[in-house]
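Structural description and commentary
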Amino acid sequence: MLWGSNARETHPIFFHHVLKAVHRGAKLYVVDPRRTSTAAWADGWLPVQVGTDIALANSVAHCILDAGLEHRAFIHRATEGFDAYARTVARYDVDRASRETGVEPGLIRRLAEDYARADRAMICWTLGITEHHNAVDNVLALINLALLTGHVGRWGSGLNPLRGQNNVQGGGDMGALPNKFPGFQDVEDPAVRARFEARWGRPLPARNGWTLTEMFEAMERKALTALYVIGENPAQSEADSQHTLELLRGLEHLVVQDIVLTRTAELADVVLPASASWCEAEGTVTNSERRVQRCRPALSPPGQARDDIAILGELSLRLGYDLATPSPQAAWDELRSLSPMHAGMSYARLEELHGIQWPCPDEQHPGSPFLHARLWSEPLLGPRAPFIPTEQVEPFDTLDASFPLRLTTGRHLESFNTGVQSSAYVWPHPRKTTLDLSPHDAARLGVGEGEQVRVVSRRGAVEAPVRLDARLRPGLAFMSLHFPDQVDTNILTINVTDPKSGTAAFKAAAVRIEKLLQPPDSAGRGVALP
């Protein structure tokens, strides 16, 4: 199951492996509001209405229970909270789900039965699930399905959040999270904190830090006045971008460390030119399957650019803490001494085994090809896996007579994020930002292919050319965010966030379309509404 993932365009290497499995006879189901190029390869496409994923997941569970296909033995021995979960999903029969999601009842039943009966099954998801105001609950609804069927903790069965950027898994592993030390160890655990304090020789904060969303909230109340940005472009990647720019401009001090002069870097007081980690740096990288691999420089950084670790070492020295010119291997060995799940991954073993998957607790351990096998151990090792019931909640940015269309956003195959790097390349079939509409909606609105229109949300407006897409259902519009210098799509998106994860609801904005009476302003990237 690919749920909220257009993997054909956003994870093409991964999808190549999916296609090999499909050619060998595996069944593929795609849950997506759009009939994407990924859905074209599916045995079943479930065209869920934006923001109704929980209703659909709960209905799939309802069908599994109704047919008696749940894995009773696994539920009894390895989980808890099943009865409360069963009571919740009992209210999500296929007729209710079909009304709320727009998916045909027969298709919901077929997905449920194929998933439950499969010898091995995987659920993969991406931002189509997590860029909502109830992101964590969406993910929990999918985890519940895996627990219900026992499709977890076994080779070829499990849950996989597909990572959207190179080494984003490694960033989290190394502690680039507000509530975790390296190795996903809790900041607020006194015993954990004491070990890090002893190694680093400094007292550490006893409370969790801020998420990215909370940082911007702190900027607004002037509790955060200086910002150090490494490899991020929030000026163009955050929702409600006009408001984001106001907050960034209001900082007392902004430092940006990056490989190109991003829009955020243009606002900075100090810019530190860094190396391109994939070809100009020494160290390690961790991919989506948790495999830690060595990387080595093929080139030297140009001009005055330096490797990130060298910049951080020099900055630390000026702040009064001498890291003694840290080397990548020394930093890695320090990590191994503090993170149990990395303890067995020496540089020598990483090279010998061509990478190792964590957890790897000692130098005799081969690594872990998959997680949660403990749930099948006899007796059970560790805590039971909890069912956590979730309820359907409508998108925060509601549709009404003034804003009747649902806008969702996403990527294209040849472009990446805010286009800082990929927009500079020359492609044989270039594709700019368009407003994709169904032919039905275009006819109703009286607009045609290529016509420049005004797209208005409750936060602002942009102008974009219309592109007709027969794969879109009426009422749904789509835009990418790769070319903010031409069309700043994130002026339209809403910055309401999931309180558990801090993720903004990029996937569900309410908009209207206005015809232009005058030729469009060639310089207009968009305007904020008063």
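Residues numbered from 1 in each chain as written. Predicted model: local features only at pLDDT ≥ 70, side-chain atom pairs only at ≥ 80, totals over all residues. Heavy atoms only, no water.

Together, Tyr228, Ile230, Leu312, Leu315 and Leu319 give the surface a local cluster of nonpolar side chains, amounting to about 450 Å² of exposed area. Broken down by secondary-structure element, the contributors of at least two residues to the nonpolar patch are β9 (226-230) and α17 (308-318). With respect to the helices and strands, the residue leucine 319 is situated in the loop between α17 and α18 (328-338). For leucine 319, a relative accessible area of 69% corresponds to the exposed category. (Patch = residues over 30% accessible without salt bridge, like charges linked within 9 Å, V, L, I, M, F, W, Y side chains within 5 Å. Areas by Shrake-Rupley, 256 points an atom, 1.4 Å probe, with all protein chains shown as cover. Salt bridge = Lys/Arg side-chain N within 4 Å of Asp/Glu carboxyl O. Helix = DSSP H or I, 4+ residues; strand = E, 2+ residues; numbered from the N terminus. Buried < 20%, exposed > 50% of the residue type's maximum accessible area, 1.4 Å probe, protein only.)

By the secondary structure assignment, threonine 433 is in the loop between β16 (405-410) and β17 (435-437). A polar atom in the side chain of threonine 433 sits 3.4 Å from the side chain of serine 480. Apart from the residues within four sequence positions on either side, threonine 433 is in contact with Pro465, Met479, Ser480, His482, Phe483, Val487 and Thr489. (Polar contact = N/O pair within 3.5 Å; in protein donor to acceptor, adjacent residues only side chain to side chain. Contact = heavy atoms within 4.5 Å.)

Cis rather than trans, the peptide bond between tryptophan 358 and proline 359 has omega equal to 0°. Relative to the elements of secondary structure, proline 359 occurs in the loop between β14 (356-357) and β15 (385-386). Between glutamate 378 and the following residue, proline 379, the backbone shows a cis peptide bond with an omega angle of 0°. Position of proline 379 relative to the elements: it lies in the loop between β14 and β15. A positive phi is found at aspartate 240, a non-glycine position, where the angle reads about 50°.

So, on to the pairing of strand β5 (residues 122-125). Bridge count for strand β1 (residues 2-3) against β5 is two bridges, and the pairing is parallel. Counted as the bridge partner of tryptophan 3 is tryptophan 125 from β5. In this structure, β5 lies alongside strand β6 (residues 158-161), joined through four bridges in parallel fashion. Across the sheet, the residue bridging to methionine 122 is glycine 158, located in β6. (Pairing = 2+ DSSP bridges.)

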